[in-house]
Amino acid sequence: MIGEKKTGAKKTSTKLAASALFPRREFLKAGGALVIGFSMRGFLSGDALAAQGTAAAGTIARGAAAGPPDPKQIDTWLAIHADNTATVYVGYVELGQGSTTSLLQIAAEELDLDMGQVSTIRLDTNITPNQGGTYSSSSIARGSPAIRTAAAEARQALLQLASKKLGAPVERLIVSKGVVTVGGMAGEASSVTYGELVGDKPFSLAFTGTAPLKPVTDYKVVGKSPTRNDIPDKVSGKYVYLQHVRLPGMVHGRVVRPRGQGVYGAGAKIASLDESSIAGIPGARVLRKSDFVGVVAESEWDAVRAAQQLKITWDMPATLPGSDGLYDAMRAEKTTDRVVLERGDVTDALGRAVHVVSGNYRAPYQAHAGFGPNGALADVKADSALVICSTQDVYATRNTLAGVLGMPAQKVRVQYYEGSGTYGHSCYDDVAQAAAILSQLAGKPVRLQFMRWDEHGWDNYGPAHVGEIRAAADADGKIVAYQYDGWHHNWSAIETSAQLALGTPAAEWRLGAAQQVNPSDCGGMYDIPNVRLVNHQVPGLKYLKAAWLRSPLDLSFSFASEQTIDELARLASMDAYAFRKHNITSDRWMGVLDAVAQAAKWEPRPPASKVSDAKIAQGRGIGLGTHLTSFGGAVAEIEVNKDTGRVTVTHMYGAIDAGLAVNPAFIENQISGQLVQTVSRMLKEEVTFNKTNVTSLDWNSYPILRFEECPEVTPIVVQRVDQKSTGAGEEVMAAAAGAIANAFFDATGVHMREFPLTSNRVLAALRRS
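Summary of the structure given here. Note that the structure is a prediction, hence the values are computed from the model and not measured.

## A short note on the pairing of strand β16 (residues 355–363)
Then, in step 1: Where burial is concerned, the two faces of β16 differ: the one with His355, Val357, Gly359, Tyr361 and Ala363 is buried and the one with Val356, Ser358, Asn360 and Arg362 is not.
Then, in step 2: As defined by bridge partners, β16 adjoins strand β21 (residues 465–473) across nine bridges and the pair is classed as antiparallel. Residue valine 356 lies in a different strand from β21, and its bridge partner there is alanine 472.

Below is the structure:
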């Protein structure tokens, strides 16, 4: 089943009051509670500031001690209250993707409750179990099986209690909105609520995971689109973001670093520091630990002024290749090579093929660039620490904080608050470590806010990439060979705060554990008998910090791969859509390909067959791609001003098949956001740097797509109720990147070899052609 919605994409933001706020109470309601838990990996949640009010007895007991609680016990995850409502402990943070609503839909479905009867709370290492982090589009893919099974287990236990209470076999019981009724009977004696069944007693049973699940054909809540539970407070300005939280007795802090990071392996070394330079700011203090420097003050403005006025010089080596020399330096490196995938004989197939295409492609570092810089609060005492931050993995952050502070992890408590949206690993862990260090040095609670130049200049960027590709097709338009070689460095494993304060050596993720050439994007959607994919890992300590950025490297892969597929289609005199259908490898890929082509009213013709001499050239392109396990397809319609080099994307169509869509409207929202962000990254975004440090430190030097530049967007959800739910948070961006590049080729007859497609780059490419 395919659902389609046509929208004009708009970015929105809500301005909230800057006064001191404490979060609304989100603890379990007072009264009897039945707590259900499960040991399946994939979720967590919680919230526990003392200022939030009184919790139920069971939650106070759990919150008083460090987690994680025993995941093998049933009395852990699902609380049934006396008022016949439930609190579900979902394991993924809310980033605006709606997962805290979708996972409640799954629980409500299995429990036979309405959405108004279920709620959840934020993550807290004293409340919630360790189920990993919120990344890789995992909230529904990994969270839904666990939530669904736990809720089914709870329902089974409740029905057993109801059977005894009502004196009727379980088979005769019917549940609606948490009210259990004996079928064929009427009256108060024939019904009981979940809340009435629970009392104040826990199950005291081990989790079995054997309860039957509701058949998909009986779903009443899953597959529908209730509104997100966080939206009303966000629209009204009541929602409490991390930036609005305050702690009693706190001071405000800022870090002091060079304006823009240098080479990752070297960090930054203090050459001179004059603490007396801020003597004129009453109460401002300089806090230093090795090469880590910060300032604190009673007022936030004084902290800002102190950070700006502090006289400090840095020793930063001029060893970066600079933006202009980046790709040549990467390509010339001695790399660690790994064959990711190999089948058949690519060399032989290339030698015998009728049509052969090759190309070299380049993609820049790109930033997370959250609208609001990251922040954190920390209250570090001699034997304990509380850190409030926007981390997407509370237990991993607890472990790193423990190392930074030099105390056992069980003494560190981490609580999550939503900050500015980040799909990937921005500065949220770095700022948490920095806040903790400042609090430890100051001897009091500290609220730390990064400045714009901190966020832009010290981000963990999505890595730059060099791709070289060769592919071939036979006389019948069948792809017979595909070879992709990719050069990039891996993700950084050490945050800047630990590097500067503790002297922790810079390090990368181990080979094969993170970034590598992605078989799903590099020809994986096509039936190709001869394939060779090689990952060339560049030594990252010689470059900038890096981490996962939404759809990590997939835009780079598809920018190269999908242009190559279009060029093969042109050589074969085939329409780009028809060529892909001719080579498609599965009905899932075919589904998204057909969906976007139909939505865009695709008219068949070979790519670049209508190139004209007009000043404004129009083109359309199609592409396929994904991140991990779902399926994405996109169509782009663009205009190219040949005089100015400006590229305008007028309309984007995107389709995702993520299996069972728990909430189709949320996936539509995700598709829309992905398409707009992809346009921004393909046309605008590029981290720039010289031989010493990063130079793109604000919205002028690192531009993003503006409101008036947003394309019209048509999101399409391919619903497959017979398939398990998979990710939908980044699975159409690769397809969109390929579609935009192919639309440029269709409009101009020129393949762009590097993005973003800035005016200067476009004009240079047109002149070369």
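## A short note on the state of the cysteines
Then, in step 1: Taken as a whole and judged by the stated rule, the model has zero disulfides.
Then, in step 2: Of all cysteine sulfurs in the structure, the one in cysteine 427 sits closest to cysteine 389, which takes part in no disulfide; the separation is 13 Å.
Then, in step 3: The exposure class of cysteine 389 is buried, given its relative accessible area of 0%.

## What to know about the sheet that holds β16
In a beta sheet, neighbouring strands are held together by backbone hydrogen bonds and run either parallel or antiparallel to one another.
Then, in step 1: Taken together, the five strands give an open sheet; going across it, the order is β15-β23-β22-β21-β16, and neighbouring strands pair in mixed fashion. Here the strands that pair on one side only, and so sit at the sheet edges, are β15 (336–343) and β16. If you compare each strand with its neighbour and ignore which way they point, the axes differ by 10° on average.
Then, in step 2: Summarising the sheet, β15 and strand β23 (residues 530–538) pair through seven bridges and their orientation is antiparallel. Its bridge partner lying in β23, threonine 336 is registered against glutamine 537.
Then, in step 3: Across the sheet, helix α13 (residues 554–571) lies against β16, β21 and β22 (479–489), angled at about 155° from β16, the strand it touches most.

## Topic: the side chain of threonine 120
Then, in step 1: Positionally, threonine 120 belongs in the loop between β6 (118–119) and α3 (139–166).
Then, in step 2: A distance of 2.7 Å separates a polar atom in the side chain of threonine 120 from the backbone oxygen of valine 88.

## With respect to the pattern of salt bridges
Charged atoms that come close allow side chains of opposite charge to pair.
Then, in step 1: Going through the model one piece at a time under the given rule, you end up with 32 salt bridges.
Then, in step 2: Between glutamate 468 and arginine 331 there is a salt bridge whose closest N-O contact spans 2.7 Å. Note that glutamate 468 is positioned in strand β21 and arginine 331 in helix α7 (residues 322–332), a separation of 137 residues in sequence.
Then, in step 3: On the basis of relative accessibility, which here comes to 21%, the residue glutamate 468 falls in the partly exposed class.
Then, in step 4: Between lysine 581 and aspartate 594 there is a salt bridge, with its nearest N and O atoms 3.7 Å apart. On the criterion of sequence distance, the pair formed by lysine 581 in helix α14 (residues 576–583) and aspartate 594 in helix α15 (residues 587–599) is long-range, its members being 13 residues apart.
Then, in step 5: Here lysine 581 falls in the partly exposed class, since its relative accessible area comes to 35%.
Then, in step 6: Salt bridges sharing common partners tie together Glu109, Asp112, Arg155 and Lys214.

The rules behind these values
- Residues numbered from 1 in each chain as written.
- Predicted model: local features only at pLDDT ≥ 70, side-chain atom pairs only at ≥ 80, totals over all residues.
- Heavy atoms only, no water.
- Buried < 20%, exposed > 50% of the residue type's maximum accessible area, 1.4 Å probe, protein only.
- Helix = DSSP H or I, 4+ residues; strand = E, 2+ residues; numbered from the N terminus.
- Pairing = 2+ DSSP bridges.
- Disulfide = S-S within 2.5 Å.
- Axes fitted to C-alpha atoms, helices over the stretch in contact; angles between N-to-C directions.
- Contact = heavy atoms within 4.5 Å.
- Polar contact = N/O pair within 3.5 Å; in protein donor to acceptor, adjacent residues only side chain to side chain.
- Salt bridge = Lys/Arg side-chain N within 4 Å of Asp/Glu carboxyl O.

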